[in-house]
Amino acid sequence: MTISPKPFIVFGYGSLIFKPPPHVIAQVPGFLKGYVRRFAQESHDHRGTPENPGRVVTLIHKEDWAAFAGSDPFPDDDMVWGIGYTIDPAYVSEVQDYLDYREKDGYTTEVLDIYGIDSTTGKEQVIVRGAYCYVGRPNNPSFVGSEPLDEIADRIWRSVGPSGSNKEYLFKLASSVRELSADSYDSHLSALEALVKQLDK
């Protein structure tokens, strides 16, 4: 009897939501528990430059973020909405190489469970076990920790890199998260989106 290999599922919580990896054969919206998504990572290679780094989101363990969150206006957030992508088994190595390169600026992989909300009971339940996720841990060189929202907004508004403007990244991400589910939200994204749009006026 041949045992099928475990499917390779990657959880996207940043640009992977609006720019998915290649060779996806299934996808499902869901969320992680016990984490925060914050613009706490410098971007030297996509939404900024080495001289003028932009800001992109990273996923951070809630307990790790507590050390940086003194000025965070949303200290109780511990749910991160995104998408679980199942990759075609024939292309797993290719997609892993693609993601490793795309997320090379300070990210490492962790294996996490993805949750969803049961439509009949309204209760949380695990919908994917053992998904892979790229996390920017606090000890990576691009991690900048907690910054005031108005400073992050100004940095995002001004920054441009090889992949485009930093504000485009924010606007696409905030819009995409809202569209994932009737229950999906992100206070940090929404607040920054509003501030950057004010700067655009």
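Above this note sits the structure.
Residues numbered from 1 in each chain as written. Predicted model: local features only at pLDDT ≥ 70, side-chain atom pairs only at ≥ 80, totals over all residues. Heavy atoms only, no water.

A. Looking closely at the packing of aromatic side chains. Following the criterion strictly, the structure yields five aromatic pairs and no others. For the ring pair phenylalanine 31 and tryptophan 81, a centre distance of 4.9 Å and an interplane angle of 50 degrees mean the geometry is tilted. In this pair, phenylalanine 31 is assigned in strand 2 (residues 24-33) and tryptophan 81 in strand 5 (residues 79-87), connecting sequence segments 50 residues apart. Their ring planes at 20 degrees and their centres at 6.0 Å tell us that phenylalanine 31 and tyrosine 115 sit as a pair that is stacked. Of this pair, phenylalanine 31 sits in strand 2 while tyrosine 115 sits in strand 6 (residues 108-117); the two residues are 84 residues apart in sequence, bridging distant segments of the chain. (Phe/Tyr/Trp six-rings, centres within 6.5 Å; stacked < 30°, edge-to-face > 60°. Helix = DSSP H or I, 4+ residues; strand = E, 2+ residues; numbered from the N terminus.)

B. The packing of helix 5 (residues 166-180) against helix 6 (residues 187-200), seen in detail. Contact pair helix 5 / helix 6: the axes reach a minimum separation of 10 Å and the direction vectors enclose 135 degrees. Considered as vectors, helix 5 and helix 6 are oriented oblique to each other. When the axes of helix 5 and helix 6 are compared, the crossing they make is left-handed. Across from Lys167, Leu170, Phe171, Leu173, Ala174, Val177 and Arg178 in helix 5, the residues of helix 6 making contact are Leu189, Ser190, Leu192, Glu193, Val196, Lys197 and Asp200. Residue classes in the contact of helix 5 with helix 6 are distributed as eight nonpolar, one polar and five charged. (Axes fitted to C-alpha atoms, helices over the stretch in contact; angles between N-to-C directions. Parallel < 35°, antiparallel > 145°, perpendicular 65-115°, else oblique. Left-handed = near helix turned anticlockwise from the far one by under 90°. Contact = heavy atoms within 4.5 Å. Nonpolar A, V, L, I, M, F, W, Y, C, P; charged D, E, K, R; others polar.)

C. Structural detail: the nonpolar core. Among the nonpolar cores identified, the biggest contains 45 residues, and Tyr13, Leu32, Phe39, Leu59, Cys133, Leu189 and Leu192 are the most heavily contacted of them. When near neighbours in sequence (up to four residues on either side) are disregarded, leucine 32 contacts Phe11, Leu59, Asp78, Met79, Val80, Leu112, Asp113, Ile114 and Cys133. Counting residues in each nonpolar core, the second largest holds five residues, with Val36, Ala40, Ile60 and Trp65 among its members. (Core = buried A, V, L, I, M, F, W, Y, C linked by side-chain atoms within 4.5 Å. Buried < 20%, exposed > 50% of the residue type's maximum accessible area, 1.4 Å probe, protein only.)

D. Representation of helix 3 (residues 92-102) in the model. Listed in full, the buried residues belonging to helix 3 are Val92, Val95, Leu99 and Arg102. Seen from one end, helix 3 has its buried residues packed into an arc of 95 degrees, which puts them on one side. Helix 3 presents Ser93, Asp97 and Tyr101 as exposed residues on the side facing more than 90 degrees away from its buried surface. Tucked into the core, helix 3 has its buried residues touching strand 1 (8-12), helix 1 (15-18), strand 5 and strand 7 (124-135). (Arc of directions from axis to C-beta.)

E. Representation of the pairing of strand 7. In this sheet, strand 7 lies alongside strand 6 in antiparallel orientation, the contact comprising nine bridges. Counted as the bridge partner of tyrosine 115 is valine 126 from strand 7. Here strand 6 folds back onto strand 7, and the loop between the two strands holds six residues, one of which, glycine 122, carries a positive phi near 75 degrees. (Pairing = 2+ DSSP bridges.)

F. Highlighting the side chain of serine 43. Within the element layout of this structure, serine 43 appears in strand 3 (residues 35-43). Engagement of the side chain of serine 43 in a polar contact is seen with the backbone nitrogen of arginine 47, the distance being 2.9 Å. (Polar contact = N/O pair within 3.5 Å; in protein donor to acceptor, adjacent residues only side chain to side chain.)

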